[in-house]
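Survey of secondary and tertiary structure
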Amino acid sequence: RSGFADLYDFAYMPSSFDSQGGKGYAFVNFISVAVAGTFIGAWHKSRHCGVQDAALLNISPAALQGLEANVKKWAGQRMQRIRNPALRPFVRSTPSPAA
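The following paragraphs examine the structure supplied in this document. Bear in mind that the values here come from a model prediction, so they are computed numbers and not experimental data.

Strand order in the open sheet formed by three strands is β4-β1-β5, and the pairing between neighbours is antiparallel. Each edge of the open sheet carries a strand with a single partner, namely β4 (27-30) and β5 (90-91). In the packing of helix α2 (residues 67-74) onto the sheet, the strands contacted are β1 (8-12), β4 and β5, and the crossing angle to β1 comes to about 30°.

With the rule as written, the count across this model stands at one salt bridge. Salt-bridge contacts for D6 lead to R92; the nearest nitrogen and oxygen are separated by 3.9 Å. On the criterion of sequence distance, the pair formed by D6 in the segment before β1 and R92 in the segment after β5 is long-range, its members being 86 residues apart. Overall, the relative accessible area of 44% leaves D6 in the partly exposed class.

Approximately 1200 Å³ is the volume attributed to the largest pocket. Taken together, 33 residues make up the lining of the largest pocket; nearest its centre are A26, F27, V28, F39 and I59. If you list the elements that add at least two residues to the lining of the largest pocket, you get β1, β4 and α1 (33-43). With five residues, α1 is the largest single contributor of residues to the lining of the largest pocket. Class assignment for the residues of the lining of the largest pocket results in 24 nonpolar, eight polar and one charged. The calculated volume of the second largest pocket comes to roughly 170 Å³. Lining of the second largest pocket is provided by Y12, P14, S15, S16, F17, K23, Y25, F27, W74, R78, M79 and I82. When residues of the lining of the second largest pocket are traced back to their parent elements, those giving at least two are β2 (15-16) and α3 (77-80).

Now for the pairing of β1. Sheet analysis places β1 next to β4, joined by four bridges and oriented antiparallel. Looking across to β4, one finds that Y12 is bridged to F27. Across two bridges, β1 lies against β5 in antiparallel orientation. Each bridged residue has a counterpart across the sheet, and for A11 the counterpart in β5 is F90.

Conventions and cut-offs
- Residues numbered from 1 in each chain as written.
- Predicted model: local features only at pLDDT ≥ 70, side-chain atom pairs only at ≥ 80, totals over all residues.
- Heavy atoms only, no water.
- Pairing = 2+ DSSP bridges.
- Helix = DSSP H or I, 4+ residues; strand = E, 2+ residues; numbered from the N terminus.
- Contact = heavy atoms within 4.5 Å.
- Axes fitted to C-alpha atoms, helices over the stretch in contact; angles between N-to-C directions.
- Salt bridge = Lys/Arg side-chain N within 4 Å of Asp/Glu carboxyl O.
- Buried < 20%, exposed > 50% of the residue type's maximum accessible area, 1.4 Å probe, protein only.
- 1 Å grid on protein atoms, 1.4 Å probe; cavity = no way out; pocket = protein on both sides within 12 Å on 5 of 7 lines; lining within 4 Å.
- Points joined across faces, edges and corners; volume = space filled by probe spheres on them.
- Nonpolar A, V, L, I, M, F, W, Y, C, P; charged D, E, K, R; others polar.

Encoded structure:
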């Protein structure tokens, strides 16, 4: 819908198991620095998620960068305990070429 569907290879939105909802942040690894910059330009300080009374989105770079580093951190043994695959990190098996 917003043009970024095939431009990331990793995404993870941590969930609170107590409230069964997201914690209010996510990690997305884009396939290039240029794509990340375009995403920031389109989404930073916006309300793209369809909730008009929500706070504006704050997009910022994470301390950890790159597909391999994110997979190493987030796809480890602690994630295997999560039975619902929808709550685990998404890793694209074959990254799309940079546009």
